[in-house]
Amino acid sequence: MTDEQTTPTDGDIVELLAQAREFLEEREGESALELLNDEPDRTCGPEAELVRAEAQIQMAEDFDEVLETLERAARVKAEPAKVAELYRRIRMADINLMKQSFLLSWIVDNLDDTELAVSLAKLQMRRGQPGRAEVAANRALEIDPGMPEAHRALYIAILSSDTPERAIGAIREALVVSRRNPRYPALMSTLAGMEPAEADALKVELTDHWPDSLGRQLRAGDLDIEMGKEFKPESEGVYRMALEGDLQGALAKAEAMIEAKQGMNLSAKDLTMLDLVKQLPAPDERKRSLVVDEYAEVTVSEPSQNGVTVLFFSDLTHRLNYDFELIDAFAAVEGAATMFVRDHSFRLFIGGIASLAPDRDGTIAAIREQLIALNTERLLVVGLSSGGFSALSYGRELGAKHILGLSVASSIGRFLRGEDRRARMLIARLNRSFKPEELDLNAVLPTIENEAPIDLYFGADNETDKGHSGDLAGLAGVTLHPIKGHTRHQVLPELIRDGTFQAFLKT
């Protein structure tokens, strides 16, 4: 056999890469990777490394390995834009921060991408490298001097440096060029370190440019700003007014806000705002005080007056579409107790709630104790989106009488395939952290003796949510409720508007 016969040609390599890409199009990452790894000497160029990284991402097994592949691609001069595209898909995964910063630094040096430059600044701050974070923030401002997020990142980096007083100069520069308020954190503390006259002058500039930059209740010449627990963003201010008994004021404000948004894409909450405000129980209708949400993993109300307790599982944003107080108002009018839970570890409650117990079994036991303290005779459970995954199983294990699932997630597997790419890297980590049978409600629910009714509501025209709920259609006690003509992930606003949610609280 001659050397000419054994030496691979450019055409051979092109054909091999084309075959690997065909595997990727079929979502066969493992086959693509095997093909590339069978010919390591022929697949070490920039295009081959990019294809290899794509295959590793599809497999979602080792994102540090993906990072190493992208580093090799950078070393052999792959196109920075292509490396950046693949990096974006793994950056939320649990990967080595130092190696991640090296790769991201290369991308930012070779690509004009302000968003990734700001990401690098934040990453360097996580590594305790404020100097490098400052360099990254300045790179973003070099590309786009008016980018408010870059001004914020620069300010944060400077405050952590050995010369934090330079933050004042950064603020003054932003006042000239930033397109919007950078929303600087700890701004009042920064101003408090200045001479009073200089601080007052800068405050005037700030409030002239960005009226809300110094917070609510600012008094001229006074650096003591009190936000107070009653402060809510403007969009929630409508509901706050209604909760406090000012129904007419809330309606007027809601109408003005909706009118101001005409021609824009109104959210589900916008579309239902007026109806919801009208249905919110007035203070004198409530049989107990509302909860006070301080963003803890567990928030509980006063004990139940009618024997009912409602247990709510929040979504990945740690919310229930609305503030807890608003949701609580509907339970308070019935005299029911409430318990709101979050999972700050972002594990969908599968491993329990850390502030209650180190594992799921301990969490279940701790919740049982809390339910007893709340005078619970009948338990209702509500789960929203990703929180719905565990709401269904926790609810049945805790002996719930009725469970309400709102656009729930049915299995981690569905997150990893098809059109559902929500929090994909996070879900990949769960896939590596728990047994497969713990990650699919079709496997979990049949093992629980309690077959309490489960009502699943979802948008009939939302293919992702319809698919998740459809996975559970054959299980005992599960009833599907597709909302006709509804495309949005948020369904609770509609269920409050049509009274379905309030009726559930009476079951």
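Residues numbered from 1 in each chain as written. Predicted model: local features only at pLDDT ≥ 70, side-chain atom pairs only at ≥ 80, totals over all residues. Heavy atoms only, no water.

On to the packing of aromatic side chains. Applying the stated criterion across every chain, the model contains eight aromatic pairs. Ring geometry for phenylalanine 313 versus phenylalanine 349: centroids 5.0 Å apart, planes at 85 degrees, classification edge-to-face. Placement of phenylalanine 313 in strand β2 (residues 308-313) and of phenylalanine 349 in the loop between β3 (337-341) and α18 (360-373) is noted, with a sequence separation of 36 residues between them. Just as phenylalanine 313 is buried, phenylalanine 349 falls in that class too. Between the aromatic rings of phenylalanine 313 and tyrosine 394, the centroid separation amounts to 5.2 Å while the plane-to-plane angle is 65 degrees, which identifies the pairing as edge-to-face. Within this pair, whereas phenylalanine 313 is found in strand β2, its partner tyrosine 394 is found in helix α19 (residues 386-397), the two being separated by 81 residues in sequence. The class of phenylalanine 313 is buried, set by a relative accessible area of 0%. (Phe/Tyr/Trp six-rings, centres within 6.5 Å; stacked < 30°, edge-to-face > 60°. Helix = DSSP H or I, 4+ residues; strand = E, 2+ residues; numbered from the N terminus. Buried < 20%, exposed > 50% of the residue type's maximum accessible area, 1.4 Å probe, protein only.)

Attention now moves to the pairing of strand β4 (residues 378-384). Judged by how many residues are buried, β4 sits mostly within the fold: six of seven residues are covered. Two strands pair when backbone bridges link them, and β2 and β4 are joined in this way by six bridges, in the parallel orientation. From the neighbouring strand, phenylalanine 312 faces β4, where its bridge partner is valine 382. Two strands pair when backbone bridges link them, and β4 and strand β5 (residues 402-406) are joined in this way by five bridges, in the parallel orientation. When the bridges of β5 are listed, valine 381 appears paired with isoleucine 403. (Pairing = 2+ DSSP bridges.)

Next up on the list: the environment of proline 436. Here proline 436 is to be found in the loop between α21 (424-433) and α22 (441-444). Accessibility expressed as a relative area gives 64% for proline 436, which makes it exposed. In the structure, proline 436 is positioned 25 residues away from serine 411 in sequence and 9.6 Å away in space, judged by C-alpha atoms.

The subject of this paragraph is the sheet that holds β3. An order of β1-β3-β2-β4-β5-β6-β7 is seen for the seven strands of this open sheet, with the pairing classed as mixed. In the strand order of this sheet, the two ends are held by β1 (298-300) and β7 (478-483), each with one partner. When the angles between neighbouring strand axes are averaged without regard to direction, this sheet yields 15 degrees. Of the pairings in the sheet, the one linking β1 to β3 comprises three bridges and is antiparallel in character. (Axes fitted to C-alpha atoms, helices over the stretch in contact; angles between N-to-C directions.)

Moving on, we come to the environment of leucine 348. With respect to the element layout, leucine 348 can be found in the loop between β3 and α18. Taking the C-alpha atoms as reference, leucine 348 lies 7.1 Å from phenylalanine 389; in sequence the two are 41 residues apart.

Next up on the list: the pairing of β7. Looking at chain direction, strand β6 (residues 454-459) and β7 are connected through six bridges and run parallel. Residue pairing in the sheet places aspartate 455 in a bridge with threonine 479 of β7. For the crossover that starts at β6, traverses helix α23 (residues 463-470) and ends in the parallel β7, the hand is right-handed. (Right-handed = clockwise from strand over helix to strand, strands pointing away.)

Quick look at unusual backbone geometry now. One non-glycine residue, arginine 183, adopts positive backbone phi at about 55 degrees. Relative to the assigned elements, arginine 183 resides in the loop between α11 (167-177) and α12 (187-192). We classify arginine 183 as exposed; its relative accessible area is 51%. The backbone phi angle of leucine 348 is positive, close to 60 degrees, even though this residue is not glycine. For leucine 348, a relative accessible area of 3% gives the class buried.

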